[in-house]
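# Examination of the molecular architecture
Given next are the chains, with one letter for each unit.
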Amino acid sequence: MAQVSLRNISKVYAGAVKAVDNISLGIENKEFMVLVGPSGCGKSTTLRMIAGLEEISEGKLYIGDRFVNDIPAKDRDIAMVFQNYALYPHMTVFENMAFGLKLRRYPKQEIVNRVNEAADILGIKKLLERHPRELSGGERQRVAVGRAIVRKPLVFLFDEPLSNLDAKLRTQMRTELHKLHARLKSTMIYVTHDQVEAMTLGDRIAVMKDGILQQVDAPVDVYDRPKNKFVASFIGSPPMNFMSGRLIKKNGKIYFEEGRILVKIVDSMKNKLADFLNKEIIMGIRCENIYDKLFVSDAPPENIVKASCEVIEPMGSEVYLYLNTGKHTFIARVGGHDKPQVGQDMELVFDMNKVHFFDKATEETII
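Conventions and cut-offs
- Here the residue index of a chain counts from 1 through its sequence in written order.
- Local features in this predicted model are restricted to residues of pLDDT 70 or higher, and side-chain atom pairs are both shown and tallied only at a pLDDT of 80 or more, whereas totals for entire chains, interfaces and linings draw on every residue.
- Side-chain numbers come from the whole structure's heavy atoms, not from hydrogens or water.
- Numbering goes from the N terminus for both helices and strands, where a helix is a DSSP run of H or I of at least four residues and a strand is a run of E of at least two.
- Relative accessibility under 20% of the residue-type maximum defines a buried residue, over 50% an exposed one, and the middle range a partly exposed one, all with a 1.4 Å probe and only protein chains included.
- Should any heavy atoms of two residues lie within 4.5 Å, those residues are counted as being in contact.
- In this description, accessible areas are obtained by the Shrake-Rupley approach with a 1.4 Å probe, and a residue is regarded as covered only by the protein chains that are shown.
- Charge counting follows a simple rule: Lys and Arg are positive, Asp and Glu are negative, and His as well as the terminal groups are ignored.
- Charge positions come from single atoms, namely NZ of Lys, CZ of Arg, CG of Asp or CD of Glu.
- Two strands qualify as a pair provided DSSP detects at least 2 bridges between them.
- Bear in mind that the domain bounds are from an automatic or database domain assignment.
- Simply put, the buried area is the total loss of 1.4 Å probe accessible area from both parts when two parts are fitted together.
- Convention adopted: a line fitted to C-alpha atoms gives each axis, helices being fitted over their contacting stretch, and angles between N-to-C directions are expressed from 0 to 180 degrees.
- The working definition used for a salt bridge is a side-chain nitrogen of Lys or Arg within 4 Å of a carboxyl oxygen of Asp or Glu.
- The distinction between a cavity and a pocket rests on a 1 Å grid over the protein atoms alone: a 1.4 Å probe fits inside a cavity but cannot get out, while a pocket stays open yet meets protein on both sides within 12 Å along at least five of seven lines, and a residue with an atom within 4 Å of a point counts as lining.
- Grid points are joined across faces, edges and corners, and a volume is the space filled by probe spheres set on the points.
- Each residue receives one of three labels: charged for Asp, Glu, Lys and Arg, nonpolar for Ala, Val, Leu, Ile, Met, Phe, Trp, Tyr, Cys and Pro, and polar for the others, Gly being one of them.

Per an unreviewed UniProt entry, the protein goes by the name Glycerol-3-phosphate ABC transporter ATP-binding protein and belongs to Candidatus Ghiorseimicrobium undicola.

## Remarks on the overall build of the protein
Scanning the protein for helices and strands turns up 9 helices and 20 strands. Counting only C-alpha atoms, the protein reaches 80 × 45 × 35 Å along its principal axes. A buried classification covers 50% of the 367 residues belonging to the protein. When contacts within the protein are restricted to residue pairs at least 6 apart in sequence, long-range pairs at least 24 apart make up 65% of them. Summed over its atoms, the accessible surface of the protein is roughly 17,500 Å², and 48% of this surface lies on carbon and sulfur atoms. Taking the 52 positively charged and 47 negatively charged side chains of the protein as two groups, their mean positions are separated by 4 Å.

## Considering unusual backbone geometry
The amide bond that connects serine 237 to the next residue, proline 238, takes the cis arrangement and shows omega of -5°. Turning to its location among the elements, proline 238 is positioned in the loop between helix 8 (229-234) and strand 11 (241-250). One non-glycine residue, aspartate 77, lies in positive phi territory at about 60°. Position of aspartate 77 relative to the elements: it lies in the loop between strand 5 (66-67) and strand 6 (78-81). Its identity is not glycine, yet lysine 152 carries a phi of approximately 50°, on the positive side.

## Things to note about the pairing of strand 13 (residues 261-264)
A regular strand places its side chains so that they alternate between the two faces of the sheet. Here 4 bridges tie strand 12 (residues 253-258) to strand 13, and the two strands are oriented antiparallel to one another. Residue pairing for strand 13: glutamate 257 is matched across the bridge by leucine 262. Linking strand 12 back to strand 13 in an antiparallel pair, the connection comprises 2 residues, with glycine 259 at a positive phi of about 60°.

## Here's the deal with the domain arrangement of the protein
Partitioning the protein into structural domains gives domain 1 (4-234) and domain 2 (241-359). The straight-line distance from the C-alpha centre of domain 1 to that of domain 2 is 40 Å. With 7 residues of domain 1 in contact, the opposing surface of domain 2 contributes 6 residues. Summing both partners gives a buried area of about 630 Å² for domain 1 against domain 2, and 63% of it is carried by carbon and sulfur.

## A few points about the sheet that holds strand 20 (residues 356-359)
Read across the sheet, 5 strands follow the order 13-12-11-14-20 without closing on themselves; strand pairing throughout is antiparallel. Among the strands making up the open sheet, the edge pair consists of strand 13 and strand 20. Averaged over neighbouring strand pairs, the angle between their axes works out to 40° when direction is ignored.

## Quick word on the pattern of salt bridges
As enumerated under the stated definition, the model contains 16 salt bridges in all. Here glutamate 258 ties to lysine 327 by a salt bridge, and the two come within 2.8 Å at their closest N and O atoms. Taken as a pair, glutamate 258 in strand 12 and lysine 327 in the loop between strand 17 (318-324) and strand 18 (329-335) lie far apart in primary sequence, 69 residues in all. For lysine 327, a relative accessible area of 57% corresponds to the exposed category. With a shortest N-O distance of 3.5 Å, lysine 270 and aspartate 267 are connected by a salt bridge. Placement of the pair is lysine 270 and aspartate 267 together in helix 9 (residues 267-273), with a separation of 3 residues, close to one helical turn. Overall, the relative accessible area of 29% leaves lysine 270 in the partly exposed class.

## Regarding the layout of surface pockets
Of the voids in this model, the largest pocket is the one considered here, and its volume is about 480 Å³. Residue lining of the largest pocket: 18 residues in total, with Met80, Phe82, Arg104, Arg147 and Arg151 positioned closest to the centre. Those elements giving two or more residues to the lining of the largest pocket turn out to be strand 6, helix 2 (93-103) and helix 4 (137-149). Counted by class, the lining of the largest pocket contains 13 nonpolar, 1 polar and 4 charged residues. Considered as a void within the structure, the second largest pocket measures approximately 220 Å³ in volume. Forming the walls of the second largest pocket are 14 residues, and the residues nearest its centre are Asp224, Arg225, Lys354, Val355 and His356. Considering only residue class, the lining of the second largest pocket consists of 5 nonpolar, 4 polar and 5 charged. Here the lining of the second largest pocket spans two domains, and each of domain 1 (4-234) and domain 2 (241-359) adds at least three residues to it.

Structure follows, in structure tokens:
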């Protein structure tokens, strides 16, 4: 079994710099776990501690049932794929893939069989006699993955392996990694700063900030039910819109008010927001939950916000509108048929069943 268990793991560098702060995380056997967060959040340091490339300052690390804090990287039965591929330029693809097995003194025929099997899986059998300089970026990435596959490790570790590829190749390689995980049924831990990669690849994703674990959940749950404002802002493209304002009571109804924005709170949220009446609060709404009133004939007047369109970004099947109320800017993602003019005043409909609210002091989610 290849569970990985991090128990109160921390990494402290010289000068009391805490790169990873008391992380506890369990990765299940055969799970694809993605560590995601901005640069400097500690995700790669966490991966390197799992790999044995960084010493653990505090806490305990288990791979399967084995306590591995003091076990060297070479004896942990893991394989790591790096961002820069780390291929030996003077070796052929076959030699690069076979190198780790030769060091471990595997029989020659088993090495040949394992390399051919991995090359078949990745579709690189025709490349086995080439050198890395003769390969494209995508082909080099496949070789790096193949070198990990031949080891048949308990756990695969990926440290931003697609960041050097162009957009088309990244999309293609995401698909290949999906297929690879389904075929190998191995435990995989993947680090990225790209929330699209996290959402599309992970069985679960672990969002990190400043060395602290913010939320661990299935991608759809992180997107729909973020635990705090940071997670809500980091997961989603374009990011969630945020507006600071007050909750007020008017004619027996509860409203969110700020500047030109006055929208009614739906009845199902009123009880949870009762303690914040007449207080500062943050409202968040995703861009796909804002609609052009021209295409919503039955929009209630309490859900309408007037704004000026400042920038239009056509994306083909959809359009991003950058809007300004005079005090707030926000983004709406509307259908490709919707073609307003820059500078045009618009009426936008907020789907108040899908808004999020955050405590202004703690930035923790209220709803």
